[in-house]
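# Structure assessment
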Amino acid sequence: MYARFGGAEHKVESARGVISRAARESGDLRGKFLLAAGVTTAATLLRLAGPLVVRFGVDEGVTADDRGVVTWSAVAFFVLLSLQYVAGRAALRSVAGVGEQFLRRLRERVFRHMLSLDVGFFGRNKTGVLVSRMTSDVEALTKFVDEGAVQVITSVLMVTGVSVAMFIVDVRMALVILALLPFLLAASLVFRRYADRAYQRVREHIGQVLATVQEGISGVRVVQAYTQQTEQAEDFGQVNEKYYEANLAAARAISTYFPAVDLLRTTGLALILLVGGRRVLDGTLSFGSLFAFMLYLSWFFEPILNLSNVYNLMQAAIAALDKLFGLLDTETDVPAADDPSPMDSTEGRITMEAVRFGYDPAIPVIKRLDLEVAPGERVAVVGETGAGKSTVAKLAVRFHDPDDGRVKLDGVDLRCIDTDDLRQHIVLVPQEGFLFSGSLSDNLRYADPDLDDAALWEVCRQIGIADWVASLEDGIDTEVRERGSRLSSGERQLVALGRALVADPAVIVLDEATSNLDPEKEQAVEVALGTLLEGRTAIVIAHRLATADRADRVVVMADGEVVEVGPPSELVAAGGAYAELHRVWEASANGR
Amino acid sequence: MGDVAGPEPGAIGLGLRFIARVVRRYPRETTLSILAALVWMAMVIAGPYLTALVVDRAITEEQPDLLLPLVGLVLLAGVARALGIGGRRYFAFRLSYRAETDLRNRIFEHIQRLAFSFHDRTSTGELMARASTDLSQFRIVLAMLPITVANLALLVAVSTVLIVMDPLLGTVTALAIPALLLVARRYAGQVLSISFEVQQSLADMSTDVEEAVSGIRVVKSYGQEEQEVARVGATADRIFDRAMQLIGQRAIHVPLFEALPAIATGLVLLIGGLRVIDGVLTLGQFVAFTEYMVVLNFPLRITGFFLAELPRASAAAVRIRDLLSTAPEISDPERPEPMPKGRGRLCFEGVSFSYPDGPSVLDGFDLAMEPGKSVALVGPTGSGKSTVAYLLPRFYDPTAGSIRLDGTDIRELALEDLRSAVAVAFEEPFLFSATVRENIAFGAPDATHEQVRLAARLASADAFILDLPDGYDTTVGERGFSLSGGQRQRIALARAVLRDPRVLVLDDAMSSVDATTEQEIRESLATVMEGRTTIIIAHRPATLALADEVVFLDAGRVAAVGPHERLLAEVPRYAEVLAETVGEVV
């Protein structure tokens, strides 16, 4: 079975494969885990010793009329109990503690790996899915680590230990109880197969229910505008009903399995009483042994029931771990250079040589591109939707590598430049100013968290936001909220430009906003943009006439190829493709 | 995640009443599950008693003949017990899932009916929490209800049996019951408050990751991956700390759950053993005491858990109840007028509107439109253009004034009638995770494929749709193929056109469409607008030119009316507002 994850084929591993990989990758935690397992074993052994003490007390004390033995075995039992408690506590703490440490590291590792992947990966995968890797998937593991892991270890140890103890007490009686084992295993296997399918369906359906609710809420305005409330509710009712049925199927499995196991336990009790009772009457079995077997019986079944209870947790954890490993196995499309050439400074010359690129290599978006941008030059790339403009921007900052040809900075292939150096010299500024939650200061200092206040205010002045920032109640410490939602679109843009100015790169690649911003700030944004681009090499992906006209040269693209290059005024005069674009723009602007 | 509020003490009564009301709706499941639970309970009590009988009558009194029939009784009780467990579990699950499913349907239906103003002030996350975490909280308690009823009966019965069998030993061992309950409650309380903090940190984690992923281009542009890793790492540390606290609590309490019944076993050995020697207690009773302690272990734990869950569940129940009892601010009139005949005559009279605790948006807006005419609304940001579009289909009601459609006040009409007569194409269109065809036919599910294609052609969408992987059957939306803003707007436009409304409102509906395509749409729109009343909200002069007249809005009222050219020449403020947006293209 193959699951497609972000374009990379990831083989869904068997449960054993996933577990052994987790063990391989736990590094120094392995030692701690072994220690924790040791403590758990000790705790289990202490628990198993309890019935032995009780048996001694009953046989040598109660039935032998010896008050001293009764008293002393009771005292011994209480001492054992205290030890049991201490050991049980240590076992829980150590096993779950190791697990949590493992998860803490896994979380960081997964996130670091995610961020190291190419931008294309983020386009292929829905944000919600990536977020769920870091939240619900890790949570599924946490649940197992906290509630399941100790159970699994203890239960397995208990079943083994109780079996051994029973054989020590009386072989024939032990065989009687163990005769139930095949039935128990058969019932568990059937249950497992059925429950696997049932829970699988429950998981699928809950996903659909939540997605439908989510959509019903986000789309409620459209639903009401087209008065489709009843239809929507009916559709949802069907999805919801399927989820109910899936749950009921799982409930049916549980409601059959657990009573069946309980009946087996009673059968065991009956067998002990019948066979054991006869032997006590024969004098071949002590009453204390019979009594101990009754205690062992419940200890034999309880762990098996516990295992069934944590089975679902375990399945979910393995599925989650498998998804996380799948993400960790995804490789980036833009690998770091093996032997990067250091580049402390740059003059900012960008060269694109015979570049060919397609998100799917079979369908090239850029068929051929040759372009040289001189240091300090401003080049605007224009063209209709789908002409490949934005792809040029992504190639220039190495969000993608070309399938053919080269993109160079100062004559060095971008693939050979150290990533940190590259990011320092070339910055992409998407004009829809994306801000992170945090303060204005955090956002402006993004590229240089150590920038001092004086320098920060200087940037604000240069970008023309110093007065506005100063007028805010919390000034530079104003929280911008999630994605900068407290600010207007124009304000966000200005802050984003300030952030770029702080980075102070030699080359700026600007992807102009397609949608309209608040007109009040439009002028301010124009001025700030001028300041930012001053003296830098700039590749501007232009959606506006004015922006393109201000460039030193314009590159007109159509269908993945350059159709015209030259200074804007010359191109307009030449009457080619750019002149035609100009005509459409002006017609639109003048209402003709 | 959403907002999971902590338990509110005052709400418990209210929540319990709501839970009781829901339970009463499923008498069959409730009765059967409680009955089954009581059978199970009776057998739980009978079990050790029967075992004692075997030990005393058959073994101690050495009557081998009694062994088989008595053991048969034990087995019979075991069968009844198994049936009780199965029935209890099945019907309890059924009760809880049925109630959850029905409530979720009601919540969904209700959310669909609540007006725009409600959705403006309520976040998606909050409503999601009602339909997911709150409901499952509620369900857990319902599922546990039958077993809890039986458990409480069991606890009382077993204590009575123990005390009757041997008052001294009975009292001593019965003390384990309140002790365990107390520990269980305390533990659950601790876990609750810590896991509440864990939920908060998880919500932070999800925000952190969401932000880094959505802003990945910024992160990468500035090479700040490590800064993001550090941010997430700090949140992960908080989660880790809480998790370790949780483990600490678990490590203290869970072994106690095992130790407390064991202490009772030890006491039975000590006191019971001595009393057997003294001849006060039989050996069989001694065995029964031990068995009862084992038997009680599980019910005690479950009851403790139930008691701890109850406050949280009733808080969830109160939140669900509150949502369901929120009345829609806009609904059908009691006796709706029949839809008047006409072709879309519109009349706004002294319409004023302001959002709750916001400044006034419209302030005495007057506009009369003849059927089949079109106007363009122009105005600076915040002048109330979009509000006009929202008032017409009654997404909001005006705070003063009235709107008439073909002579009838729109508040007198059934919403269904009104909204099928008025279609709005929004600036930020919402596409459902469904096929393109289903999205276009959203307001007219019975439309034929030809009608859908015609609407798409009128919106200049047909060509790009045919280029999609599966054409009209391509799934789009959040879980489907990503479309550009302009493409989404064109689908939304087709959706509005297909409705064939008397009044068509285009609320900046082509703002993301590039200039060449818009020109195409303009040409086909002329056909669409024929014979219907159209209101166009737009910035681009070429789009404005589609309308017969321009209505210039300023500060919530009509400042000027007339053809574009005349306003441009005569109203300086109009030219000014337009100039701000000229030069913006593609």
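Residues numbered from 1 in each chain as written. Chains lettered and ligands numbered in written order. Predicted model: local features only at pLDDT ≥ 70, side-chain atom pairs only at ≥ 80, totals over all residues. Heavy atoms only, no water.

### Quick notes on the domain arrangement of chain A
All names here are of chain A. The condition is simple: Throughout, the edges of the domains are those of an automatic or database domain assignment. What counts as buried area is the accessible surface, traced by a 1.4 Å probe, that two parts surrender upon association, with contributions from both included. Secondary structure elements follow DSSP: runs of H or I of four or more residues count as helices, runs of E of two or more count as strands, with numbering from the N terminus. Residue type decides the class: Asp, Glu, Lys and Arg count as charged, Ala, Val, Leu, Ile, Met, Phe, Trp, Tyr, Cys and Pro as nonpolar, and the leftover types, Gly among them, as polar.
You can read the domains of chain A as domain 1 (14-169 + 305-333), domain 2 (171-284) and domain 3 (350-590). Domain 1 and domain 2 are separated by 23 Å when their C-alpha centres are compared. When the two sides are added together, the surface that domain 1 and domain 2 hide from each other amounts to roughly 1,100 Å², 69% of it contributed by carbon and sulfur. For the side of domain 1 that touches domain 2, the elements supplying multiple residues, two or more each, are α5 (127-169) and α10 (287-329). With seven residues, the top contributor of residues to the side of domain 1 that touches domain 2 is α10. Classifying every residue of the side of domain 1 that touches domain 2 gives six nonpolar, five polar and no charged.

### Digging into the packing of helix α2 (residues 29-62) of chain A against helix α3 (residues 67-116) of chain A
Residues and elements named next belong to chain A. This is how the line gets drawn: Interaxial angles span 0 to 180 degrees and are taken between N-to-C directions of axes, which are lines fitted to C-alpha atoms, for helices over the stretch in contact. Note on terminology: angles under 35 degrees are roughly parallel, angles over 145 are roughly antiparallel, angles of 65 to 115 are roughly perpendicular, and the others are oblique. Crossing handedness: left-handed means the near helix sits turned counterclockwise from the far one by under a right angle, and right-handed means the same turn made clockwise.
The N-to-C vectors of α2 and α3 enclose an angle of 160 degrees; their axes lie 8 Å apart at closest approach. The orientation of α2 relative to α3 falls into the category roughly antiparallel. Between α2 and α3 lies a crossing whose hand is left-handed. Split into classes, the residues belonging to the contact of α2 with α3 amount to 23 nonpolar, nine polar and four charged.

### Quick look at the interface of chain A and chain B
Rules: Contact between two residues is taken to exist if any of their heavy atoms lie within 4.5 Å; hydrogens are not considered. We count a salt bridge whenever a side-chain nitrogen from Lys or Arg sits within 4 Å of a carboxyl oxygen from Asp or Glu.
At the interface, 144 residues of chain A touch 147 residues of chain B. Taken together, the connections running from chain A to chain B amount to seven salt bridges. Among the salt bridges present, the one from A:Asp262 reaches B:Arg81, with a minimum N-O distance of 2.7 Å. With 30 residues, the single largest contributor to the side of chain A that touches chain B is helix α9 (residues 229-282) of chain A. Taken together, the residues that form the side of chain A that touches chain B break down as 73 nonpolar, 37 polar and 34 charged.

### A word on the packing of aromatic side chains
Worth spelling out the cut-off: Aromatic rings from Phe, Tyr and Trp, taking only the six-membered ring of Trp, are treated as a pair when their centres fall within 6.5 Å; an angle between ring planes under 30 degrees marks them as stacked, one over 60 as edge-to-face, and anything in between as tilted. Think of it in three bands: with a 1.4 Å probe and only protein chains considered, a residue is buried below 20% of the maximum accessible area for its type, exposed above 50%, and partly exposed in between. Remark: a charge is flagged as sitting over a ring if the NZ atom of Lys or the CZ atom of Arg is within 6 Å of the ring centre and within 35 degrees of the ring normal.
With the rule as written, the count across this model stands at 31 aromatic pairs over all chains. A ring pair is formed by B:Phe116 and B:Tyr396, whose centres lie 5.8 Å apart and whose planes are at 80 degrees; its orientation type is edge-to-face. Taken as a pair, B:Phe116 in helix α4 (residues 116-121) and B:Tyr396 in the loop between α11 (385-391) and β4 (400-405) lie far apart in primary sequence, 280 residues in all. Of the two residues examined, B:Phe116 and B:Tyr396, each falls in the buried class. When the centroid spacing of 6.2 Å and the interplanar angle of 40 degrees are considered together, the rings of B:Tyr390 and B:Phe426 count as tilted. Taken together, the positions of B:Tyr390 in helix α11 and B:Phe426 in the loop between β6 (422-425) and α13 (436-440) put the pair 36 residues apart, joining distant regions of the chain. Residue classification places B:Phe426 among the buried residues on the basis of a relative accessible area of 12%. Each residue in the set B:Phe116, B:Phe353, B:Tyr355, B:Tyr390, B:Phe395, B:Tyr396 and B:Phe426 is aromatic and connected to the rest through ring pairs, giving one cluster. The cationic tip of A:Arg21 hangs over the ring face of A:Phe325; the distance from NZ or CZ to the ring centre is 4.2 Å. Positioned over the ring face of A:Tyr244 is B:Arg98, at 4.2 Å from the centre of the ring.

### Some words on the sheet that holds strand β8 (residues 533-537) of chain B
Residue and element names in this part refer to chain B. Rules: A pair of strands is labelled paired if DSSP reports no fewer than 2 bridges between them.
Ordered by their spatial adjacency, six strands build an open sheet running β6-β7-β8-β3-β9-β10, and the pairing between neighbours is mixed. Each having just a single partner strand, β6 and β10 (557-562) make up the two edges of the open sheet. When the angles between neighbouring strand axes are averaged without regard to direction, this sheet yields 20 degrees. When β6 meets strand β7 (residues 503-507), the two strands line up parallel, connected through four bridges. If you follow Ala 423 over to β7, its bridge partner there is Leu 504. The sheet strands contacting helix α16 (residues 485-498) are β6 and β7, and the helix crosses β6 at an angle near 175 degrees.

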